[in-house]
Amino acid sequence: MYDFVVVGVGPAGARFARRAAEAGYDVLALEKGEVGSPLACSGHVSTDIWEYVPEDAHDRLLQNRVYGANFHVGGPDSDPYRFYKSEEVSNVIDRVELDRTLADAARTAGADVREGYTVTSVDEHADSVTVTASVSGETREFEAKMVAGCDGPISRTRREVGLPEPAEKLHGVLAFTDEPDFGDDVSVHLTVPRFFAWRIPRGDAGVEYGLAAPPGKEVNEMFELLTDAYGVETDRFCSGAIPIGPAETVTTRRVFLVGDAAAQTKPFTGGGILYGMTAADIAVRKIDPEHPRTLADYERAWRSELSREIRLGHLVRRAYSLPEPVQRLGLGTLAGEIGVHMDKPSSFFSREHIGKLLSRS
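A few points on the structure.

Parameters at a glance
Residues numbered from 1 in each chain as written. Predicted model: local features only at pLDDT ≥ 70, side-chain atom pairs only at ≥ 80, totals over all residues. Heavy atoms only, no water. Helix = DSSP H or I, 4+ residues; strand = E, 2+ residues; numbered from the N terminus. Rg over C-alpha atoms; globule rule 2.2 N^0.38 Å. Contact = heavy atoms within 4.5 Å. Areas by Shrake-Rupley, 256 points an atom, 1.4 Å probe, with all protein chains shown as cover. Lys, Arg positive; Asp, Glu negative; His and termini not counted. Charge placed at Lys NZ, Arg CZ, Asp CG, Glu CD. Expected span 1.5 Å × (residues − 1). Bend = angle between axes of the 7 residues up to and from the residue. Buried < 20%, exposed > 50% of the residue type's maximum accessible area, 1.4 Å probe, protein only. Patch = residues over 30% accessible without salt bridge, like charges linked within 9 Å, V, L, I, M, F, W, Y side chains within 5 Å. Salt bridge = Lys/Arg side-chain N within 4 Å of Asp/Glu carboxyl O. Pairing = 2+ DSSP bridges. Core = buried A, V, L, I, M, F, W, Y, C linked by side-chain atoms within 4.5 Å. Polar contact = N/O pair within 3.5 Å; in protein donor to acceptor, adjacent residues only side chain to side chain. Axes fitted to C-alpha atoms, helices over the stretch in contact; angles between N-to-C directions. 1 Å grid on protein atoms, 1.4 Å probe; cavity = no way out; pocket = protein on both sides within 12 Å on 5 of 7 lines; lining within 4 Å. Points joined across faces, edges and corners; volume = space filled by probe spheres on them. Nonpolar A, V, L, I, M, F, W, Y, C, P; charged D, E, K, R; others polar.

### So, the overall build of the protein chain
- Within the protein chain one finds nine helices and 18 strands.
- In terms of overall dimensions, the protein chain is globule-like: its C-alpha atoms have a radius of gyration of 21 Å, near the 21 Å expected for 361 residues.
- Projecting the C-alpha coordinates of the protein chain onto the three principal axes gives extents of approximately 60 × 40 × 40 Å.
- The contacts in the protein chain between residues at least 6 apart in sequence include a share of 69% that link residues at least 24 apart.
- On the protein chain, roughly 15,700 Å² of surface is accessible, and the fraction owed to carbon and sulfur atoms is 49%.
- Placing the 40 positive and 56 negative side-chain charges of the protein chain at their respective mean positions leaves the two points 6 Å apart.

Structural data, given as structure tokens:
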């Protein structure tokens, strides 16, 4: 019997598997396909990412350094409102290689990471959990004291144990062009209902174009309008769900969710890499597989760490739907040098950022 079976080996699952193995637990991690494939989301992340990967992975993963963002209330020809720092705001990384690097780190720590295992059922018992998976046409069963559901926004684990769905799922799409672009800024277009579109320079890896919107919107048509406005033809098209808003609980007696499965994401960007890995570290610190009651400690701890940022992130997102004149007024007032952290809306009230705002007056 394993201490933990981890379902899904994206950033959250790989991080939990690694840290749990380092803590001395017997860990099995199952990925339904090949780790890192297909591409699930953008690789635009804060520089905090380097705290979670081995030092020797930096040069292999880094594609571009970003110093600011140009916000538009129209297309690429509309006047931009630039927000920037003198130092790096964020990095663009090889998103597929990130997953593989994190999975390798979990293996090195002692976790049994297996690819090609599609979990088909998760059955809780009084003192254990049975995970059934399909691999190469055969059915395998694994017993664990607890199961970590890290299997993304459309989580099979979540459905199997009857945990509630996230408050909302957006439909996100992205694709790429191949021309090298080492530009300092990403571009954000507030032209999509209740969310935004983007352009991200990825160095030698080309340029990423994407957008997200609530289901039911003509996302593909809006994406075509975006790329037509830029005058580009993209390839390597990706599409998927983006969970927004954690449910009231992400745990049962012996199962807990981490990462996108738990909607531990930023409501104002949809990104969840750092939030998910933060929650994974909390889970390892708080959960004892011998004592199911410790799952309540995990619930309290991750919400204490992330709920303020998530709540403020919802407020930021509301600004995307304000009337255009109000958006222009707000962007014009706030644009310039900033002191905020891209993962932490609360940093808008930091001494550093307030100082930047006051220095303009």
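### What about helix H7 (residues 294–318)?
- Taking 1.5 Å of rise per residue, 25 residues should cover 36 Å, and H7 covers 35 Å from first to last C-alpha, within 8% of that figure.
- Maximum bend of H7: about 45°, positioned at Leu-306.
- Every buried residue of H7 is listed here: Thr-294, Leu-295, Tyr-298, Glu-299, Ala-301, Trp-302, Leu-306, Glu-309, Ile-310, Leu-312, Gly-313 and Arg-317.
- Looking at the buried positions of H7, the neighbouring elements they touch are strand E11 (138–149), strand E12 (168–177), strand E14 (195–201), strand E16 (235–244), strand E17 (255–257) and helix H6 (273–286).

### Details of a negative patch on the surface
- Taken together, Glu-218, Glu-221, Glu-224, Asp-228 and Glu-233 make up a surface patch of like negative charges.
- Accessibility expressed as a relative area gives 56% for Asp-228, which makes it exposed.

### Digging into the sheet that holds E16
- In spatial order, the strands read E16-E12-E15-E14-E13-E5-E6-E18; together these eight strands make up an open sheet with mixed pairing. Each edge of the sheet is formed by a strand with only one pairing partner; in this case those strands are E16 and strand E18 (336–337).
- Direction of pairing for E12 relative to strand E15 (residues 207–213): antiparallel, over a ladder of seven bridges. Note that in E15 the partner of Thr-177 across the bridge is Val-207.

### Here's the deal with the nonpolar core
- Counting 70 residues, the largest nonpolar core has Val-5, Phe-16, Leu-30, Ile-49, Phe-256 and Tyr-298 as its most contacted members.
- Take this core: its biggest share by element is nine residues, from H6.
- Excluding residues within four positions of it along the chain, Tyr-298 makes contact with Val-250, Thr-251, Phe-256, Leu-257, Val-258, Gln-264, Ala-279, Ile-282, Ala-283, Lys-286 and Ile-287.
- Residues Val-73, Phe-196, Ile-242 and Ala-335 belong to the second largest nonpolar core, which totals 26 residues.

### What about the pattern of salt bridges?
- Under the criterion given, the structure shown has 28 salt bridges.
- The partner of Glu-299 in a salt bridge is Arg-303, and the shortest N-O contact between them spans 3.0 Å. Pair noted here: Glu-299 and Arg-303 are both in helix H7, with a separation of four residues, about one helical turn.
- Relative accessible area serves as the criterion here: at 23%, Arg-303 is assigned to the partly exposed category.
- Overlapping salt bridges bring together Arg-15, Arg-18, Arg-19, Glu-22 and Asp-281 as one network.

### What to know about the environment of Thr-227
- You can see Thr-227 is positioned in helix H5 (residues 219–230).
- Ignoring any residue separated from it by four or fewer positions in sequence, one finds Thr-227 in contact with Tyr-209, Val-232 and Thr-234.
- Polar contacts involving the side chain of Thr-227 include one to the main-chain carbonyl oxygen of Glu-224, which spans 3.2 Å.

### Considering the side chain of Arg-15
- By secondary structure assignment, the location of Arg-15 is in helix H1 (residues 11–22).
- According to the relative accessible area criterion, Arg-15 is buried, its value standing at 8%.
- What Arg-15 contacts, discounting residues up to four positions off in sequence, is Tyr-52, Met-277, Ala-280 and Asp-281.

### Topic: the sheet that holds strand E3 (residues 44–46)
- Reading across the sheet, the three strands line up as E3-E7-E4 and stay open at both edges, with antiparallel pairing between neighbours. Only two strands of the sheet have a single partner each, and these edge strands are E3 and strand E4 (62–66). With strand direction ignored, the average angle separating the axes of adjacent strands in the sheet is 35°.
- By the bridge criterion, three bridges tie E3 to strand E7 (residues 90–93) in an arrangement that is antiparallel. Of the residues in E7, the one forming a bridge with His-44 is Val-92.

### Here we look at the layout of surface pockets
- Here the second largest pocket is characterised by a volume of approximately 230 Å³.
- Lining of the second largest pocket is provided by Asp-48, Glu-51, Tyr-52, Leu-274, Tyr-275, Thr-278, Glu-305, Leu-306, Glu-309, His-341, Asp-343 and Lys-344.
- Every element with two or more residues in the lining of the second largest pocket is listed here: H6 and H7.
- Partitioning the lining of the second largest pocket into residue classes produces four nonpolar, two polar and six charged.

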